[in-house]
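One-letter residues, chain by chain:
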Amino acid sequence: MRPGKDIQALDDIYEMIWQDTEKAMDMALKAYKKYNTPRLNYPFAKIQTLIFILHQVVTKVPKQTIDPIRLKKYFQKNGYDSDAALILLWTIRSLVAKRRHDEAIQYDQEYEEKYAAAAGAIHQAERILTTGQYRLMRDLNKANQVEQALQAENLLRAHPEQTAYYRITLSSVLQFKAEALSHTGDIASAQRAINEAVQLVDTPGTSPYHSFVCHYFKGNVAAIAGKNEDALQSYLLLAEKYGGNAFYDRLLMYVYIQIFKMLNEQWAKATAANKPALVAGQKKYLALAQSLLHTQARPYIIHYLHLTEARLKRVLGEYDSAISLLAKSLRHFDSIQYTNHVIDIYEEAYLNYRDRAEKTQLPRHYHKAMHTLVKVNNLHHKYNQAQGKEKMEALINKYELQQKELNEKLLHQKMDAMNKEMQMTALNLQEKVMVLDELKGYVTSLKKKGKETNELIRTISRKIDSVIITEQDKSTLQQKISAAGSDFMSILSDRYPDLSMLEIRMCTLLKTGMTNKELSKIYGQSEKSYEQHRYRIKKKMGLGRDEKLVRVLNKLTAPKD
């Protein structure tokens, strides 16, 4: 049973996720208590789905244990396809986030087979984003990530909606696009993308939670672009506006880490007088971040905090502690192939050894610093090599695509011009045929009336002189047909191999639009012979009785892909 009133209330919770995520979480937890039963039924399965989605959106683990695979099987068994597709889509997202890629691929194949064909643009875009979003720090192929973002963006723009869910999804795609573009060095495009993303979520009826996420990404894009003051201001505003609200703790932890990083970079360039305040600020925001670790004690964030703490230890001169923390982080990020973080760790290790060497003046510390710097340079070289190769491949692909489009455009223009010229030539010949028909009428009249006046004869003579169809006329038309038809004849031959060369040339002639009667007068064959030509050609081309041969020939301008 699907009680209409109850299910509508659950559907309202789903809409509320995108309008007011915090309120949706409260509503979902209350509904869970209401519909909780020992045996799984539709309302209970649906509310569990909503809590599972909320968990993926805010990564705030509810006390309830949700088994998404069990829910998927229940929905499939009972014919609730839309619910099955939804829980499967978010299951894939959850598995990718946990780096269980083999399982994610398995379920993605199931989604492709059963539900992809009926999926709307938003779910298609989310599916594309799922594979790209969590690879941002691990994958060197930023150009590929930009392509993924563009694919998702084009899908959404082709199917616009006025819902909060649509705005948030498009904003998420643009955030991903902006960060990927920043890593490729296209800062101007990244800025345009992030500005539009902010505009989409800073509107009435859109959840403040998603606005928070977007502004956080805006700070990231500014930081990557080297606009550290702009980035710091973005992070500080978020900390001031949302600090103390437990619902935003997970996001605030990332904000505090970013503020720490900005202050740490300022400390390296600060005067001696300003350094104590910057140290105090670093301690403050690191402590705030560590206090929120319980909200998501995942290995990634634990080791990123180790890297963050190592930076503070270096500032405080606690070099051994810093190296110990960096070693822990390196093992983790190297194992999951987060290339950017591996480079960050080696760069921090170099600064640690360098500062220590300058303080102790010991050769072994200088040696360590130089050895680490070589490692950093090698990593950057490898990274830049991969980036350069990607950019070159992207440029080559872009050039080849543009060249293909240009060639096709030129071919179409050439064929259009020649078709127009052929039509004009054929029209002139048709006019001559019409005049000859008129002359035939004069001659018939003469025969009937017995008139042979000089004036009438002179009129007929002038008419004949003006429209005499010479072999040169025929040759001119045939040459133009052959010139324009060279590509056309090749296409026709490839697509319809049963046609003889005579029939292919006849198709080129028929393509001018001349009638059987007009052709018979110009070339001397009977109208019936041309009708037979048309019949045989249509039969070999597999055309139906009602299909117009000339119309089909005129559409035949490019080979099938």
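Just so you know, these numbers come straight off a predicted model, no measurement behind them. (Residues numbered from 1 in each chain as written. Predicted model: local features only at pLDDT ≥ 70, side-chain atom pairs only at ≥ 80, totals over all residues. Heavy atoms only, no water.)

J.: Let's hear about the overall build of the protein chain: which residues, and what values?
T.: In terms of regular secondary structure, the protein chain is built from 24 helices and 0 strands. A buried classification covers 46% of the 561 residues belonging to the protein chain. Here the analysis covers contacts within the protein chain between residues at least 6 apart in sequence; of these, 64% occur between residues at least 24 apart. (Helix = DSSP H or I, 4+ residues; strand = E, 2+ residues; numbered from the N terminus. Buried < 20%, exposed > 50% of the residue type's maximum accessible area, 1.4 Å probe, protein only. Contact = heavy atoms within 4.5 Å.)

J.: Go over the packing of aromatic side chains with me, naming the residues and quoting the values.
T.: Aromatic ring pairs are described here by two measures, namely the spacing of the ring centres and the angle between the planes. Applying the stated criterion across every chain, the model contains 22 aromatic pairs. Through pairs of rings, three or more aromatic residues link up here, namely Tyr209, Phe212, Tyr242, Phe247 and Tyr248. In this structure, Lys275 is placed above the aromatic ring of Trp267, and the distance from its NZ or CZ to the ring centre is 4.2 Å. (Phe/Tyr/Trp six-rings, centres within 6.5 Å; stacked < 30°, edge-to-face > 60°. Lys NZ or Arg CZ within 6 Å of the ring centre and 35° of its normal.)

J.: Tell me what's going on with the nonpolar core, and back it up with residues and numbers.
T.: Grouped together as the largest cluster of nonpolar side chains are 128 residues, with contacts concentrated most on Trp18, Ile47, Phe75 and Tyr111. Looking at this core element by element, the count peaks at 12 residues for helix H13 (residues 249–269). With sequence-adjacent residues up to four places away left out, Trp18 is seen in contact with Val57, Trp90, Ala164, Tyr165, Ile168, Gly205, Thr206, Ser207 and His210. In this structure, Leu492, Leu510, Ile537 and Leu553 belong to the second largest nonpolar core, which totals 21 residues. (Core = buried A, V, L, I, M, F, W, Y, C linked by side-chain atoms within 4.5 Å.)

J.: Kindly report on the environment of Ile491, identifying the contributing residues and their values.
T.: Relative to the elements of secondary structure, Ile491 occurs in helix H20 (residues 471–495). A C-alpha to C-alpha distance of 7.7 Å links Ile491 and Leu556, two positions 65 residues apart in sequence.

J.: So what about the packing of helix H15 (residues 299–316) against helix H16 (residues 319–335)? Which residues, and what values?
T.: Direction vectors running N to C along H15 and H16 enclose 155°, while the axes themselves pass 8 Å from each other. The pairing of H15 with H16 is recorded here as roughly antiparallel in orientation. Our pair here, H15 against H16, has a crossing hand that is left-handed. Touching Pro299, Tyr300, His303, Tyr304, His306, Leu307, Glu309, Ala310, Lys313 and Arg314 of H15 are Tyr319, Ser321, Ala322, Leu325, Leu326, Lys328, Ser329, His332 and Phe333, all from H16. Residues of the contact of H15 with H16, tallied by class, amount to 10 nonpolar, 5 polar and 4 charged. (Axes fitted to C-alpha atoms, helices over the stretch in contact; angles between N-to-C directions. Parallel < 35°, antiparallel > 145°, perpendicular 65-115°, else oblique. Left-handed = near helix turned anticlockwise from the far one by under 90°. Nonpolar A, V, L, I, M, F, W, Y, C, P; charged D, E, K, R; others polar.)

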